[in-house]
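# Observations on chain architecture
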Amino acid sequence: MLCPCGSTLQFNDCCQLFITHKKSLSHPEQLMRSRFSAYATRNGQYIFDTYGEKAQSKQSVKEIQSWAEECLWIALRIHEAKDEIVEFSAFYIVDNTLCELRERSNFNLEHGLWRYIDGDITLHTEIKTIKRNEACPCNNYATAWSAKKEKKYKHCCGK
Ligand SMILES: [Zn+2]
Ligand SMILES: [Zn+2]
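This report concerns the structure included in the present document.

The rules behind each value
- Residues numbered from 1 in each chain as written.
- Chains lettered and ligands numbered in written order.
- Predicted model: local features only at pLDDT ≥ 70, side-chain atom pairs only at ≥ 80, totals over all residues.
- Heavy atoms only, no water.
- Donors = N, O, S within 2.8 Å, 3.2 Å for Na, K, Ca; no water.
- Tetrahedral: all angles 85-135°; square planar, octahedral: opposite > 155°, others 65-115°.
- Buried < 20%, exposed > 50% of the residue type's maximum accessible area, 1.4 Å probe, protein only.
- Core = buried A, V, L, I, M, F, W, Y, C linked by side-chain atoms within 4.5 Å.
- Helix = DSSP H or I, 4+ residues; strand = E, 2+ residues; numbered from the N terminus.
- Pairing = 2+ DSSP bridges.
- Axes fitted to C-alpha atoms, helices over the stretch in contact; angles between N-to-C directions.
- Contact = heavy atoms within 4.5 Å.

So, about the coordination of the zinc ion (ligand 1). In the first shell of the zinc ion (ligand 1), the protein supplies C3 (SG), C5 (SG), C14 (SG) and C15 (SG), at 2.2 to 2.4 Å from the metal. Each of the four donor atoms around the zinc ion (ligand 1) contributes to a set of angles spanning 102 to 117°, which defines the coordination as tetrahedral. Counting residues between consecutive donors of the zinc ion (ligand 1) along the chain gives the motif C-x1-C-x8-C-C. For the pair formed by C5 and C14, the shared burial category is buried.

By size, the foremost hydrophobic cluster in this structure holds 34 residues, and its most contacted members are C15, M32, Y39, Y51, W73, Y92 and F107. Secondary-structure elements contributing two or more residues to this core are α1 (15-19), α2 (28-40), α3 (44-49), α5 (61-70), β1 (72-82), β2 (85-94), β3 (97-110) and β4 (113-129). With six residues, α2 is the single largest residue contributor to this core.

Taking strand neighbours across the sheet as the criterion, the four strands line up as β1-β2-β3-β4 in an open arrangement whose pairing is antiparallel. The sheet is open, and its two edges are formed by β1 and β4, each paired on a single side. Direction aside, the axes of adjacent strands within the sheet are offset by 20° on average. When β1 meets β2, the two strands line up antiparallel, connected through nine bridges. Its bridge partner lying in β2, K82 is registered against I85. Across the sheet, α2 touches β1, β2, β3 and β4, and the angle it forms with β1 is around 170°.

Quick look at the side chain of T97 now. In this structure, T97 sits in strand β3. Classification of T97 by relative accessible area gives buried; the value is 11%. Residues within four places of T97 in sequence aside, it is in contact with Y92, E126, K128, T129 and I130.

Every protein donor of the zinc ion (ligand 2) is accounted for by C136 (SG), C138 (SG), C156 (SG) and C157 (SG), and the metal-donor separations fall at 2.3 Å. Of note is the zinc ion (ligand 2), whose four donor atoms meet at the metal with angles of 103 to 119° in an arrangement that counts as tetrahedral. Between consecutive donors of the zinc ion (ligand 2), the numbers of intervening residues give the motif C-x1-C-x17-C-C. Remark: C156 occurs in the segment after β4 and C136 occurs in the segment after β4; sequence separation between them is 20 residues. C136 gets classed as buried once you look at its relative accessible area, which sits at 1%.

One non-glycine residue, T8, lies in positive phi territory at about 75°. Mapped onto the secondary structure, T8 falls in the segment before α1. Among the residues examined, T8 registers a relative accessible area of 62% and is labelled exposed. With phi around 50°, D95 is a residue other than glycine that occupies positive phi space. Its location among the elements puts D95 in the loop between β2 and β3.

And the structure:
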């Protein structure tokens, strides 16, 4: 399968290497991408483990897991990655509604490892309600990892 982060590489040649700790992260964008891929593949533990210590104390793997499972994470778009900051949009579907979450995230090294510290959400919006017979909106995103070309929503993400 394609990597959810939109790199166009296979998952096992891309973010899965970080998620399974086979490869260590060398910059924040990799962490951002692999965290999105962990949401997409519903790996709450990795998301929890890559939060900074302070943020970890405020949440649980269980909460993260249920949010990851509630949504279908269809595409990631990186707007900017500079030093410790990554700005991105995550596109997801929940309750047949296409949503965009845009965030400017802060990363930092803790004990020599990159961690997600926090972020400013600059946009969180419902783009539209998806009808079962319309073309699946994932086809509009070049980086959508699970897109089945030209399929209707009911035969693609709405399945
Ligand atoms: Zn990836
Ligand atoms: Zn789709």
